[in-house]
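# Summary of structural features
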Amino acid sequence: MDTQQRTLNLPASMSETSLRLDNFSSPTKNLISPLKSMSPRTISNLSASPSKSASTCSDRFIPCRSSSRLHTFGLIEESPVKDGGNEVYTRLLKSELFGTDFGFADVSVGNSRVGSPMSPSRNMLRFKTEQPTSGANSPYSPSILGTKGCISGDGMTPKKTPRKVPKTPHKVLDAPALQDDFYLNLVDWSSQNVLAVGLGTCVYLWNASNSQVIKLCDLGPNDSVCSVQWTREGSYISVGTNLGLVQVWDTTKCKRIRTMGGHETRAGILAWSSRILASGSRDRNILLHDLRVQNDYISKLAAHSSEVCGLKWSFDDRELASGGNDNQLFVWNKHSQNPVLNLTGHTAAVKAIAWSPHQNGLLASGGGTEDRSIRFWNTANGNQLSEVDTGSQVCNLAWSKNVNEIVSTHGFSQNQIMLWKYPSMAKVATLTAHSLRVLYLAMSPDGQTIVTGAGDETLRFWDVFPSAKAPASSKESSLWSSMRSQIR
């Protein structure tokens, strides 16, 4: 077998003659390191003087920088800038050439140093968590200059633009003889997009789809309209009169189908559940009517000591809330003629009542001139959840169907309309246009538009709430005529 000469694999800077083995007589005493026997000049020549013989192999390991993730390590070093040098330019240049870890050094602004994670006092290696890479054209690219040389953001999420509420009504209707009476309820908007308004002795219907006006009824010279309320289906309407009667009309035929008595004086408030009609009167009583029964009423609820001016059924028809001029707020159910809750706290008449469509058992109520507050109640236990002082008489409350917000209308002394976020009760908007108390409030079937009425004999339409899926566009207001017209 042929034998091959064995050679050492030496670095290029060393030759075989540089190494030699000397025989020593004593294996322990005379053992001297080859490096120790060399002069400093010889040692330096080992690394500094290149070998004249070319080497084709080496035992050095040269890492691949592209796969070593060295960009996550940054050398923090003190690199003073010469007088007259542009430090900002130097930092930007480092960032573009070597990555952001080398570019975000201290930038002096006045006497302070801004935005530097680096310490100029010592050299050290720091490891930074590798951030996910952004697209080359992304506005949140890690590069300071970006791919197009423009300064980009630091990846902050853009803030959501606040919803804009128009400050002026998009439509105004004249409503002659609309009474300036806090205890009446003369405006209601049906699920079929028809607005009912009680003016004097008459009830008028205004179709919001085509602006047609129909005179539904005239009570004659001896009576007047005190309240109107649509059924939930929107085909029948109830009318409370000054004589204490409650009439039910079929609006498709303009025909009265029922007249029910029981009250001794005016019926100023009405409220429909799915089947039961509740009426409140100045005689301090609440009557429950059922059209399927021949009797005028099926139950009488007596707890208020003054006129009943607020009534509202919960959305599940289980509870009825009533407010009166005695500053009392009661909650009733179908199985008892006594209130199950007496919610105390208001110091003035409670006309404004509204159940939340977003949370079961959440009730909002508003007090009159001496109270001026909106209170929120949990009817499951009778606890008051919160209270906000509005600064004005609270005339009406209505929850948005689409978002968790509530609108209130006010009387003395500012006559404004206020939009609130719940539960923070932050003001979204304050609207002013009426010259007298904003006593009447109704909401459109889509939940985006409200109509307000006042003793100034005007009805004003406002776009205050977004749609159920997306914010309402300002172009929608062009569907309404902005010209001033008459309800009759």
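What you are looking at is a predicted structure, and each value in this text was computed from that prediction instead of being measured. (Residues numbered from 1 in each chain as written. Predicted model: local features only at pLDDT ≥ 70, side-chain atom pairs only at ≥ 80, totals over all residues. Heavy atoms only, no water.)

## What to know about the layout of surface pockets
By volume, the largest pocket amounts to about 1,100 Å³. For the largest pocket, the lining is made up of 41 residues, of which D188, W189, Q229, K312 and M443 are closest to its centre. Elements represented by at least two residues in the lining of the largest pocket include exactly β6 (187-189), β10 (225-230), β14 (267-272), β18 (308-313), β22 (350-355), β26 (394-399) and β30 (438-443). (1 Å grid on protein atoms, 1.4 Å probe; cavity = no way out; pocket = protein on both sides within 12 Å on 5 of 7 lines; lining within 4 Å. Points joined across faces, edges and corners; volume = space filled by probe spheres on them. Helix = DSSP H or I, 4+ residues; strand = E, 2+ residues; numbered from the N terminus.)

## A word on the nonpolar core
Counting residues in hydrophobic clusters, the biggest one holds 37 residues, and the most contacted among them are L178, V187, L195, V203, V451 and L459. For this core, the secondary structure elements donating two or more residues are β6, β7 (194-199), β8 (202-207), β9 (213-218), β10, β11 (236-241), β30 and β32 (458-463). (Core = buried A, V, L, I, M, F, W, Y, C linked by side-chain atoms within 4.5 Å. Buried < 20%, exposed > 50% of the residue type's maximum accessible area, 1.4 Å probe, protein only.)

## Re unusual backbone geometry
Backbone torsion omega between F412 and S413 reads 10°, so that peptide bond is classified as cis. In this structure, S413 sits in the loop between β27 (405-410) and β28 (417-421). The omega torsion across Y422 and P423 is 10°, close enough to zero to call that bond cis. Inspection of the secondary structure assignment puts P423 in the loop between β28 and β29 (427-431). With a phi close to 55°, N415 is a non-glycine residue in the positive phi region. For N415, the position within the fold is in the loop between β27 and β28. Assessed through its relative accessible area of 13%, N415 is described here as buried. In this model, M425 sits at a positive phi of 55°, which is unusual for a non-glycine residue. Mapped onto the elements, M425 comes out in the loop between β28 and β29.

## Overview of the pattern of salt bridges
Side-chain pairing between opposite charges can occur once the charged atoms of the two side chains come close. Going through the model one piece at a time under the given rule, you end up with eleven salt bridges. In this structure, D218 engages K215 in a salt bridge whose closest nitrogen and oxygen atoms are separated by 3.7 Å. Among the residues examined, D218 registers a relative accessible area of 44% and is labelled partly exposed. Judged by relative accessible area, K215 falls into the partly exposed class, the value being 46%. In the salt-bridge network here, residues are joined through shared partners; they are D181, R266, R282 and E307. (Salt bridge = Lys/Arg side-chain N within 4 Å of Asp/Glu carboxyl O.)

## A closer look at the sheet that holds β26
Taking strand neighbours across the sheet as the criterion, the four strands line up as β26-β27-β28-β29 in an open arrangement whose pairing is antiparallel. Edge positions in the sheet fall to β26 and β29, since each has one partner strand and no second. Neighbour-to-neighbour, the strand axes of this sheet turn through a mean angle of 15°, independent of strand direction. Direction of pairing for β28 relative to β29: antiparallel, over a ladder of four bridges. Within β29, the residue paired with W420 across the bridge is K427. (Pairing = 2+ DSSP bridges. Axes fitted to C-alpha atoms, helices over the stretch in contact; angles between N-to-C directions.)

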